[in-house]
Structure formats: structure tokens, C-alpha cells
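What follows is the residue order along each chain.
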Amino acid sequence: MMTGSWLMVHFAVACAGSLVLAFALSMMLRLAARRWPALLAHRSVWLGGQAAVVLVFMLAIAPLPRSAIAPALILPAPATQQALTAKPDVLPPLTQATLALPPAPAQDPFDTVWRYLPVAWLAAYLAGLTFHAVQRLRMQRYWTVLLRQTRRVGDAELRAWPGMTPAQRALVAGRLTVRTIDLPISPMLHGVRRPSLLLPAHVSALDVRQQQMIVEHELTHWRRADPLWLTVSGVLALLFWFNRPYQSLDGALREAVELGCDDAVLSGASNSERQGYASALVAQLRRQAGWQAGWKPGWQAGVAFGSLGIVGRVLRMQAARPPRLSGQGRMLVGGGVAALALFGAALQPAFSSSVPSLAPAPSIASHASLETWRYPLDQPRVTSLYGVVSPSVPKGHHGIDLAAPRGTPVLAVAAGTVLEAAFHAAWGNYVRVDHGADTSSLLIHLDRIDVTPGQRVKAGDLLGTSGASGKATGPHLHLEYWEGRQRLDPVKMLPDLLQHTTRKAIARREAQGNPVPTDR
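Conventions used here
- Along each chain, residues carry numbers from 1 onward, in the same order as the chain's sequence is written.
- Totals for whole chains, interfaces and linings use every residue, but because this is a predicted model, local features are given only for residues with pLDDT of at least 70 and side-chain atom pairs only at 80 or more, for both listing and counting.
- Side-chain numbers come from the whole structure's heavy atoms, not from hydrogens or water.
- Exposure above 30% relative accessible area and the absence of a salt bridge qualify a residue for a patch, where like charges join within 9 Å and nonpolar side chains (Val, Leu, Ile, Met, Phe, Trp, Tyr) within 5 Å.
- Every accessible area reported is derived by Shrake-Rupley at a probe size of 1.4 Å, with residue values counting cover from the shown protein chains alone.
- Criterion for a salt bridge: a side-chain nitrogen of Lys or Arg within 4 Å of a carboxyl oxygen of Asp or Glu.
- Put simply, DSSP H or I for four residues or longer makes a helix, DSSP E for two residues or longer makes a strand, and each gets a number counted from the N terminus.
- Exposure categories follow from relative accessible area, calculated using a 1.4 Å probe and restricted to protein chains: below 20% of the type maximum is buried, above 50% is exposed, and the middle band is partly exposed.
- pLDDT is a residue-level measure of predictor confidence that goes from 0 to 100.
- In what follows, a contact means two residues having at least one pair of non-hydrogen atoms within 4.5 Å.
- Pairing of aromatic rings covers Phe, Tyr and Trp, the last counted by its six-membered ring, and requires centre-to-centre distances within 6.5 Å; plane angles under 30 degrees mean stacked, over 60 mean edge-to-face, and any other angle means tilted.
- Two limits define a charge over a ring: the Lys NZ or Arg CZ must be within 6 Å of the ring centre, and within 35 degrees of the ring normal.
- Each residue after the first adds 1.5 Å to the expected span of a helix.
- The arc in question is the one traced by the directions running from the helix axis out to the C-beta atoms.

**Things to note about a nonpolar patch on the surface**
Taken together, the side chains of Val192, Leu228 and Val232 make up a nonpolar region of the molecular surface, amounting to roughly 220 Å² of accessible area. With respect to the element layout, valine 192 can be found in the loop between strand 4 (188–190) and strand 5 (196–200). Residue classification places valine 192 among the partly exposed positions, given a relative accessible area of 39%.

**Things to note about the confidence of the model for the protein**
Reading fine detail from the predicted coordinates is not recommended where pLDDT is low. With 75% of its residues at a pLDDT of at least 70, the protein reaches an overall mean of 78. Predicted confidence is poor over residues 292–305, with pLDDT under 50, and the contacts of this stretch with residues over four places away or in other chains come to 23 contacts. Across residues 350–369, where pLDDT falls below 50, the model places 72 contacts with residues more than four positions away in sequence or in other chains.

**Some points on the pattern of salt bridges**
Going through the model one piece at a time under the given rule, you end up with 12 salt bridges. A salt bridge links arginine 223 to glutamate 216; its shortest N-O distance comes to 2.9 Å. Between glutamate 480 and arginine 487 there is a salt bridge; the shortest N-O distance is 3.1 Å. Both residues of the pair, glutamate 480 and arginine 487, belong to the buried class. What you see here is one network of salt bridges that share partners, running through Arg43, Arg224 and Asp226.

**Quick look at the packing of aromatic side chains**
Within this structure, the stated rule accounts for 13 aromatic pairs. Three or more aromatic residues joined by ring pairs form one cluster here, namely Phe11, Phe57, Trp121, Tyr125, Phe240, Trp241, Phe242 and Tyr246. The lysine or arginine in question, arginine 432, covers the ring of tryptophan 482, its NZ or CZ lying 5.1 Å from the ring centre.

**Re helix 8 (residues 226–239)**
For helix 8, built from 14 residues, the straight-helix expectation of 20 Å at 1.5 Å per residue is met to within 8% by its first-to-last C-alpha distance of 20 Å. Every buried residue of helix 8 is accounted for by Asp226, Pro227, Leu230, Ser233, Gly234, Ala237 and Leu238. For helix 8, the buried positions fall inside an angular range of 140° around the axis, keeping them on one side.

What follows is the structure, encoded as C-alpha cells:
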């Protein structure tokens, strides 16, 4: 089970990852839209981009096994853990009585910053979320005031109005509420569960065919469930208020739903109908130009026209053949979005709570007589090696980490006697087994313990299952090799370690001038 501080680290990393991915997606899709202008009208592309950002964000905070593609992010060890390894040559035997430890040594400044930065970011995030939520509530209040000024159009009045075709009246009947208002606003579909078709009174001054096309535009929004998708996108944009590239994706989606409805309405339309539809749009904007009644000037226009602008959208309406997205374009853009999402998910860093060990690794030749261990997992994959140095553990990692989804059976590495099977605040559930000759194995972050102290075990016997208990931000298994009171490199006890270690883990250790021994 992850503690609050580690959850805050996860959250901070997830926010940073979503920012990078949203920027990459936004740039890629904007460049693709220059090559294929029809992309601007494809709602699914911009929805897919937002979904990719949300998916990678959720993967970053979920308690899942971490990828070995990205280098492990070594989190600062708690003070109790640092005290355990401060002087390995004088450590007392590890028992429950020795868990009351002396005061921790002074913290490294980097560790202090790393510990409090996630807390500061969470506070800033909550403050920003509150501010933007209040802004949304104010906007909702404006809508409430506006809707109070509307009047419901009765069935008899609707049947007599020539601005709807018989097919449109049949679609609206019993499903949508039609309302009218005397203010010069744009026609719109308002609401999600019980939507209302809001038609300003000045629409009646337009040509009958123009009125019918405007109504068809709003009904197309309804058929495509645009209000639902825009509401979901708006909620996510609120949660990602700090992510400007994500806001760009949200704005592109709002532009795409308008352009998509334009294309649907104008499909098969004559040149004169296209001209009339565009003229109705321009007339609508002229009526709104000087209107100020609690709304920001140009607020609706900015939402409706996006990157194309008013002129660009009008020209698109007037075009006899609006741009179409080719099959090649669909494949390339869809593949690009999927590839960026997969890459972003794969680069989520692996977290582990590591503690330095001051004990130098003794020569391997002196232990050639020791019986080698089996691996504690049936399918071992080592993601972090002994001795790897990082800013938070300058004396080096004191064990190895193995990738292990929650619930994976954890097995005894050799025959011996269970010395301890208990819980520790930093290690979580752990098991320590004495293998004789003053050697022992320690396995921590277990989800479940299936042995008891004093129990005899053979190599391969079940000790418990892997998990993420203690100071761990994701399920994995941490294994240590002890000789007396020293923690040593398990490489001399595990056969073929390099064959079970990721290339990234090997490269990281070798880059620090500490190659992994291959002989015993």
C-alpha cells in the first residue's frame, strides 16, 4: 500500500508527463493539419489525443509494474532506512527489538527539495483547480441568467414556423425543447441530459432555407452527441488546467465539432445554398459585434472559429469541395497518436525506495565455495542492480529490484530457516531467511506473507506474494544478500544474473564505472 508522500510524487510525475505528451501531440497534430487541412474537422483525432494524455496520466499514478525503458527514479529513503545502513559493520542482528533506531543523519539538500516539491505542487494544483472551478461556476451562473430570459416555443407555433422542414419537426417532437430569446446570440444546443434547442428571435429574419440549414447544424450536433463529448472534454480541461497544450487540444475539438457539422449540413448543397449559409453566419456575427450583456466580446466567436478564424471558416463553407482526409492521412495520424501514447506510457519511470549501503563488495573469488541461489521468482527480470548511485542514494543501491506484478509468488532462494516474517514501515511486509554460514536473504515489499519465524523452508518453497507494501510506489520485489551484518552484491549468489537483467539496468551501472562481474 502506497503512502501519501509517495502518491504525491506519483501525481507530480504524472502531471509532468501529461504536459510533455500533450505538447508533443498538439505539435504533431497541428503540423499534420497543415498537410491535411481536413484534419481540423475530424472530431475523433482530437478526442484520441486527449484520451492518450489521460491514459498516460492514469498509468503514471496507478500501482502497476513500471517499464524498464526509462531509468529508475530512485526516491529518497526514509530516515529510518538510512539509519539502518549508516554503519553496516556494527549493525545488531535484525529483529523487531532493533527497529527502534537512533536519530537519522542530516538530510542532503537535494533530498529535502525532492521531498517537499511534490507537496508544494499538490498545493498549487489544488489552488489552481479551485480558481478555475470558480470561474466555471460564474460562467454557469451567466447561462442560468440567460436561460431565464428564454421562452419555450409551443407545438402549434413550431408547426407554423417555416424555418424547420417536416423531417426536422418530426425529429424534434417529444425529444428536444425549442426555446427562443430576443438577445442577439448564436443558435445553440444547450444541455446534455435534456438538451434544448435555443434559437434567437433574429433567426426568423433570415431566408427560409438559411433558417433550415442553421437548425440542421444544431440537430447534427445532437445526432453526433457533441454536447456529451464537449462536456467530458471540458471537465478534463478543468482537471488539466495547468496543461496549456491540453487546453489547445480541447479548443481544437470544439473547432472540429463545428466544422464537422458544417460539412454534414453542406454535403450535396448547391453553390447558392453554400453562399446563403455563409451569409447567415456573417449576419449573425454582425449582430453580436457590439453586444455586451455580461459576456466577453468575441467569446462565442473564439470558440466557434478556432485556428481558422471567421474568414477561414467562411471560405471553407463556400468551397464546392471541402478538404477530405485521405486513407493514408488517417493511418499516419492515427498511428502517430498511438505511437506517442505508447511511448509516453513506456517512459513512465520506475520508482523504488532505495537505501545506500556503505559496505564495499568483497571479492567474488573468496566466496566461490558458497552454494548459489535460485531466483525468488519463476520468471525473473531484474530492473535495478546493486551499487547503482543516484543523487538520493550516493552510496549506492543495496540490493536488486525484480519486476513483479502484485500477487506473483515469491519463493525461497535456498534452504534455510525463517528468521523474521513481519511488517516494517519502510520495507512493508518482509521475510528474512537464514541460509547458514552466516548468510541470509531479505525480501521486502511483499503483499502477503505465507511463512512464520522458525519455519524450515527448501529452495523454491512459497514465502508469500509480491506487492507494494511499505515505501514502494509500485509492485516489485526487492532482494538483498546479507553476510553477517553486511549487505553485499547478490551477483555472486545468483546464476546468470546478466541474462535476466534489462539492458537499461546494466548500462546504468556500467556507466558509473561499476561493471557487473560475470565470474564466481
